[in-house]
Amino acid sequence: METDVDPCEDFYEYSCGRWKEHNLLSPSEPEKFPIGQLREDTKLTLINIVESWRTAKDITRQKAYSYYVSCMDNHTETHSDIDKHGKEALLKLIKDLGNTSFLGAANGTISDVRHCLEVMFNSYFLYALLYTDITFTNRTNNILFVCGQATLPGLINNETRSQYLKLMRSTLANLGYPLNEKDLLTKINEVIDFELQLAELMSMSSKTWNCSYMTISELQAKYEFFNWTEILHNPLSLASISLNNKEKICVMKADYFERLNNHLKQTDADVIRNYAVWQAIYRTMEWSSSEIRNYYLKFKFAPHGVNSQLR
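Residues numbered from 1 in each chain as written. Predicted model: local features only at pLDDT ≥ 70, side-chain atom pairs only at ≥ 80, totals over all residues. Heavy atoms only, no water.

A. Here's a closer look at the overall build of the protein chain. Scanning the protein chain from N- to C-terminus turns up 14 helices and four strands. The buried share among the 311 residues of the protein chain stands at 42%. Carbon and sulfur atoms make up 53% of the accessible area of the protein chain, which amounts to about 17300 Å² in all. (Helix = DSSP H or I, 4+ residues; strand = E, 2+ residues; numbered from the N terminus. Buried < 20%, exposed > 50% of the residue type's maximum accessible area, 1.4 Å probe, protein only. Areas by Shrake-Rupley, 256 points an atom, 1.4 Å probe, with all protein chains shown as cover.)

Here is the structure:
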């Protein structure tokens with residue numbers, strides 16, 4: 001809380017004004033929100049609770065601890081199965097997204113990019129370039145919101161870029177990508193450059209999270225790179241809602257989407273598709289094999305000096 005601010009003048013600043021200074025971004029984080037920090041803190045709290053049940057006397061806690069341990073890497077009976085299935089799941093994900101040019105199938109089209117994004121959004125609940133959500137605060141307006149998304153912060157030093165490149169190269173090599181080292185590094189650097197361009201576009205957008213209300217037809221006409229009917233299919237279907245053309249969608253940071261739409265039309269489709277597939281891989285690394293999880297944790301926590309090796 002920022003108690004020096006009058007809550008009657010700016011209640012948000014009064015409530016959250018000092019949150020930023022106590023929750024600094026690491027080089028691997030483009031943004032941080034209280035709900036995300038709460039999720040991480042809750043996860044660590046639950047882990048500590050369950051691990052304290054190792055010597056529990058009652059049968060319920062014993063069963064919970066046994067179930068937890070069966071999923072851990074130090075449980076020798078399940079270690080190889082977890083690694084095998086985690087890697088298989090990532091390879092299936094990549095195949096479902098269209099076997100991108102990371103794998104050598106180049107000359108993609110905008111249709112290929114749209115298909116990749118639609119499968120990510122609707123089949124895997126993963127996001128790239130933007131994300132969508134739904135709120136029920138007002139059924140006749142703002143039932144959906146669309147927001148931009150960037151992965152890397154706009155300003156990263158050479159060391160962070162080197163760590164990120166190493167993460168990508170190690171992960172893709174572990175997955176068996178049949179590319180020579182030079183080709184792979186070229187494609188990885190193209191994706192990193194594209195991510196930094198997205199971060200720059202985001203940094204140029206409005207600093208406030210105001211909504212621009214549009215119908216789906218207006219959204220499609222204004223930002224035609226995306227197939228918005230398919231992009232919005234998932235949140236609508238999950239909520240069993242049909243969107244008619246009179247209802248308004250809240251587009252947050254509309255100026256970002258205008259720049260993004262123009263930028264995507266000028267970018268090679270293979271680079272966009274590689275970026276989208278990498279985002280899908282990156283966002284599922286925590287549930288993959290122990291080797292891939294260690295790559296992810298080493299990158300995510302190394303800037304803090306945290307020992308992130310899985311135990």
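B. Region of the structure containing the pattern of salt bridges. As enumerated under the stated definition, the model contains eight salt bridges in all. Residue R259 is joined to D255 by a salt bridge in which the shortest nitrogen-to-oxygen separation is 3.6 Å. Taken as a pair, R259 and D255 lie in helix 12 (residues 254–265) at a separation of four residues, close to a single helical turn. Salt bridges linked by common partners bring D112, D270 and R273 together as one network. (Salt bridge = Lys/Arg side-chain N within 4 Å of Asp/Glu carboxyl O.)

C. Focus on the nonpolar core. With 67 residues, the main nonpolar core has L129, F226, W228, L232 and I281 as its most contacted residues. Broken down by element, the residue count for this core peaks at ten residues, all from helix 13 (residues 269–282). Excluding residues within four positions of it along the chain, F226 makes contact with R114, L117, L129, L130, Q220, I231, L260 and L264. (Core = buried A, V, L, I, M, F, W, Y, C linked by side-chain atoms within 4.5 Å. Contact = heavy atoms within 4.5 Å.)

D. Representation of the state of the cysteines in the model. One pass over the full model with this rule turns up one disulfide. Here C211 connects covalently by a disulfide to C250, the sulfurs 1.7 Å from one another. For the disulfide bridge between C211 and C250, the dihedral angle about the S-S bond is near -65°, and by the sign convention the bridge is left-handed. Here C211, found in strand 3 (residues 211–214), pairs with C250, found in strand 4 (residues 249–252); they are 39 residues apart in sequence, far enough to count as distant. Among the residues examined, C250 registers a relative accessible area of 1% and is labelled buried. (Disulfide = S-S within 2.5 Å.)

E. Layout of the packing of helix 7 (residues 158–174) against helix 13. The contact between helix 7 and helix 13 brings their axes to 12 Å, and the two run at 85°. Taken together, the axis directions place helix 7 and helix 13 in an arrangement best described as roughly perpendicular. Facing helix 7, whose interface residues are Y164, L167, M168, T171 and L172, helix 13 presents W278, Q279, I281 and Y282. Of the residues contributing to the contact of helix 7 with helix 13, the split by class is seven nonpolar, two polar and no charged. (Axes fitted to C-alpha atoms, helices over the stretch in contact; angles between N-to-C directions. Parallel < 35°, antiparallel > 145°, perpendicular 65-115°, else oblique. Nonpolar A, V, L, I, M, F, W, Y, C, P; charged D, E, K, R; others polar.)

F. The arrangement of the layout of surface pockets in detail. Put simply, the second largest pocket is a space of about 190 Å³. Lining the second largest pocket are ten residues, and of these Q163, K166, Y295, K298 and F299 lie nearest its centre. Residue composition of the lining of the second largest pocket, by class: four nonpolar, four polar and two charged. (1 Å grid on protein atoms, 1.4 Å probe; cavity = no way out; pocket = protein on both sides within 12 Å on 5 of 7 lines; lining within 4 Å. Points joined across faces, edges and corners; volume = space filled by probe spheres on them.)

G. Region of the structure containing unusual backbone geometry. Backbone geometry at F125 places phi at a positive 55°, although glycine is not the residue there. Note that F125 resides in the loop between helix 6 (110–123) and strand 1 (130–134). Residue F125 is classed as partly exposed on the basis of its relative accessible area of 47%. Residue K253 is not a glycine yet carries a positive backbone phi of 60°. With respect to the element layout, K253 can be found in the loop between strand 4 and helix 12.

H. Highlighting helix 7. Across its 17 residues, helix 7 extends 24 Å between first and last C-alpha, which sits within 8% of the 24 Å expected from 1.5 Å per residue. T160, Y164, L165, L167, M168, T171, L172 and N174 are the residues of helix 7 that are buried. Positive phi shows up at G176, right after helix 7, with a value of about 85°. (Expected span 1.5 Å × (residues − 1).)

I. Main features of the packing of aromatic side chains. For the structure on display, the rule yields 13 aromatic pairs. Between Y164 and W278 the ring centres are 6.2 Å apart and the planes differ by 75°, which places this aromatic pair in the edge-to-face class. Taken together, the residues Y164 in helix 7 and W278 in helix 13 connect sequence positions 114 residues apart. Of the residues examined, W278 reaches a relative accessible area of 0% and is grouped as buried. With centroids separated by 5.1 Å and ring planes inclined at 70°, the aromatic side chains of F194 and Y275 adopt a geometry described as edge-to-face. Linking F194 in helix 8 (residues 181–204) with Y275 in helix 13, this pair joins segments that are 81 residues apart in sequence. A relative accessible area of 1% means that F194 is categorised as buried. These aromatic residues form a ring-pair network of at least three members: Y223, F225, F226, W228, Y256 and F257. (Phe/Tyr/Trp six-rings, centres within 6.5 Å; stacked < 30°, edge-to-face > 60°.)

J. Structural view of the environment of A64. By the element assignment, A64 lies in helix 4 (residues 59–69). Overall, A64 belongs to the partly exposed group, its relative accessible area being 29%. It is 8.1 Å that separates the C-alpha atoms of A64 and W53, two residues lying eleven residues apart in sequence. Discounting residues that sit within four places of it in the chain, A64 has contacts with V50 and W53.

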